[in-house]
Amino acid sequence: MSVVTTGGVRAARMAAAAVIPAELVLVCCLVAGVRLPAWATAASEVLVLAVLLLEARVLRALYAAARARGAEPRAAWWEAVHTVVPVQVRRLLRHELRATASLGWWALRRKHGVRAGDLAAGYTGPQTAMMYGMVFVSVVETVALAFLIPWPAVHRVVLVLDVYGIVIMLALHAACVTRPHVVGPDGSLRIRYGALFDLVVPPDAVASVRVDRRYPEGRLVTVSEDGVLDLIVGSQTTVTLELARPLPFTRPLGARGEARTVRFHADDPAALVAAVRAAPGDVQAGDAPAGRA
C-alpha cells in the first residue's frame, strides 16, 4: 500500500469517526420531528457528502490495488471495505442487524441453526428476569420523562432514543433465545451467545465434558492465561468442556483467542452433556467437581 493510500485510509477513518455520530444525532432529531435550522441541515448533508466522496475515492484505490494483485472482484471489494472500516464497527453493525432479525425468528418461534436431529440447549434462564426487568424500567422511565420534560423537541428526541434502547434490549434477548447451543448427532457442539459469540467444536476436538456449576467473575467472554474460556451468563457457568486440541475463537469485537477448556452455561446442563456423550466417539466424562470458581 502506498504512502498516499495509507494516508487516505487514515483520513477516511477519522472522517467517518467524526461525522457518523453527528449524522446519527441528526437522524434522531428528524425522526423525532424536531425542526432544525436550514443551515444546520444543509451543512451536515454537505459534510456527509464530502466524507462519502473521500471514502469512495479511498475504496476505489484499494479495490484497484487488490485487483492488480490478482484478486477476484468480490474479494477485492471486501478487502477494500475491511481496510477502511474498523473490525469493531463492522462486528457491532453485524451484531445489531442479526439481533434485530432475531425478533422475527422469536415471533415465529423458530431457532437459528438447529436442524432435524440436533439438540437445542437454551441458556437464557439466569438473565431472563433481569432483561425483562430492564425493559420494564426503561418503559417506566420513558413514560415518566414524557411528563417531566417540558420541552416538546427534547421530549421527542428522548422518546426516540428510549424506544430504540427498548427494541435493542428485546432484540439482544431474542437473539439469545433463537440462537441456542446446538449438539449435533455426530457429537459436534456449537456454543453461542446470541449474535455476539459463536464457537463450533468438532467431535474430534471434544476430550471430555461434564456438568460443573461455577460462579466466575468477569465479562461475558473471559479468557485466562492458561487458555480457559468462560462464557458467562448471569454470573455462572454449568458445563465444562475439555478440548483435545486448542481451538481458535473470536471475541464479540473481533479480537482472536485460543481456548483449551471452555466453560459455559446451559439451562439443562445434564441433557446437553448426555447428548454429547451419547454421540459416536470416545468422549470421557471427566471429573465432576461442582465448586465455586
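Calculation rules
- Position numbers for residues count from 1 along each chain, tracking the sequence in the order it is written.
- In keeping with the model being predicted, local features are shown solely for residues with a pLDDT of at least 70 and side-chain atom pairs are shown and tallied solely at 80 or more, while totals for entire chains, interfaces and linings include all residues.
- Side-chain numbers here rest on the full set of heavy atoms in the structure, without hydrogens or water.
- As a per-residue measure, pLDDT reflects the predictor's confidence and takes values from 0 up to 100.
- Strands are runs of DSSP state E lasting at least 2 residues, helices are runs of H or I lasting at least 4, and numbering of each runs from the N terminus.
- Any pair of residues with heavy atoms lying within 4.5 Å of one another is described as a contacting pair.
- Salt bridge, as used here: a side-chain nitrogen of Lys or Arg that lies within 4 Å of a carboxyl oxygen of Asp or Glu.
- Per-residue accessibility, obtained with a 1.4 Å probe over protein chains only, is compared with the maximum for each type, and a residue is labelled buried under 20%, exposed over 50%, and partly exposed between these values.
- For helices, the fitted line uses only the C-alpha atoms of the stretch in contact; every axis is such a line through C-alpha atoms, and the angle between N-to-C directions lies from 0 to 180 degrees.
- Working rule for angles: under 35 degrees goes down as roughly parallel, over 145 as roughly antiparallel, 65 to 115 as roughly perpendicular, anything else as oblique.
- Amino acids are sorted into nonpolar (Ala, Val, Leu, Ile, Met, Phe, Trp, Tyr, Cys and Pro), charged (Asp, Glu, Lys and Arg) and polar (every other residue, Gly among them).

(A) Broad picture of the confidence of the model for the protein chain. This prediction gives the protein chain a mean pLDDT of 80; 74% of its residues lie at or above 70. Highest mean pLDDT in the protein chain belongs to strand β2 (residues 181-183) (97); lowest belongs to helix α1 (residues 3-31) (58). Every residue in residues 288-293 is under pLDDT 50, and counting partners more than four places away or in other chains gives 14 contacts.

(B) Representation of the pattern of salt bridges in the model. If you walk through the whole model with that rule in mind, you get seven salt bridges. The partner of D198 in a salt bridge is R190, and the shortest N-O contact between them spans 2.6 Å. Among the residues examined, D198 registers a relative accessible area of 35% and is labelled partly exposed. The exposure class of R190 is partly exposed, given its relative accessible area of 23%. The salt bridge involving R263 is made with D230; its shortest N-O contact spans 2.8 Å. Of this pair, R263 sits in strand β9 (residues 256-264) while D230 sits in strand β7 (residues 228-231), placing them 33 residues apart in sequence.

(C) Expanded view of the packing of helix α5 (residues 125-148) against helix α6 (residues 152-178). Contact pair α5 / α6: the axes reach a minimum separation of 10 Å and the direction vectors enclose 170°. Taken together, the axis directions place α5 and α6 in an arrangement best described as roughly antiparallel. Each of Q127, T128, M131, Y132, M134, V135, S138, V139, E141, T142, L145 and A146 in α5 lies in contact with α6, whose residues at this interface are H155, V158, L159, D162, I166, M169, L170, H173 and C176. A per-class count over the contact of α5 with α6 returns 13 nonpolar, six polar and two charged.

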